[in-house]
Amino acid sequence: MILSIIDKLNQWVEPIHTWIDANHSNPLMWIGFILLGLAVFFLTYGALNRNE
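This is a predicted model, so every value here is computed, not measured. Residue numbers here run from 1 along each chain, matching the order of that chain's written sequence. Under the rules for a predicted model, residues below a pLDDT of 70 receive no local features and side-chain atom pairs below 80 are neither given nor counted, while totals for whole chains, interfaces and linings still include all residues. Computation of side-chain values covers all heavy atoms of the structure but excludes hydrogens and water.

1. Details of helix α1 (residues 2-22)
The secondary structure listing takes helices from DSSP runs of H or I that are at least 4 residues long and strands from runs of E that are at least 2 residues long, numbered from the N terminus. Take the residue count of a helix, subtract one, and multiply by 1.5 Å to get its expected span. In this model α1 runs 30 Å from its N-terminal to its C-terminal C-alpha over 21 residues, within 8% of the 30 Å that 1.5 Å per residue would give. Here the bend at a residue means the angle between the axes of two seven-residue stretches, the one that ends at it and the one that starts at it. Taken as a whole, α1 carries its principal kink of about 35° at V13; the proline P15 stands between one and four residues after it.

Pasting the structure below:
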């Protein structure tokens, strides 16, 4: 059961991994990843500190 879930996740991630390998030198991709990470951080931080 668990191995089938891991296999399915690997199938879903493989095209993303291939795309990142093909575009690893694209600075816009990395800027987008950084902005996405910052957005997730600030949304999570804001949700956890809502009562203050």
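So that's the structure; there's more coming.
2. Things to note about the packing of aromatic side chains
Ring pairs are drawn from Phe, Tyr and Trp, using the six-membered ring of Trp, whenever the two centres fall within 6.5 Å, and their geometry is named by plane angle: stacked under 30 degrees, edge-to-face over 60, tilted for the rest. As enumerated under the stated definition, the model contains three aromatic pairs in all. Ring geometry for W30 against F33: centres 5.5 Å apart, planes inclined by 80°, an arrangement best described as edge-to-face. Here F33 and W30 lie together in helix α2 (residues 27-48), a separation of three residues that amounts to about one turn. Consider the rings of F41 and Y45, whose centres lie 5.9 Å apart with planes at 20°: the pair is stacked. With F41 and Y45 both in helix α2 and four residues apart, this pair spans about one turn of that helix. With relative accessibility at 45%, the residue F41 sits in the partly exposed group. What links up through ring pairs into an aromatic cluster is the set F41, F42 and Y45. The classification of residues rests on relative accessible area computed with a 1.4 Å probe and restricted to protein chains. Under 20% of the type maximum is buried, over 50% is exposed, and intermediate values are partly exposed.

Worth remembering: the numbers are spatial, not functional.
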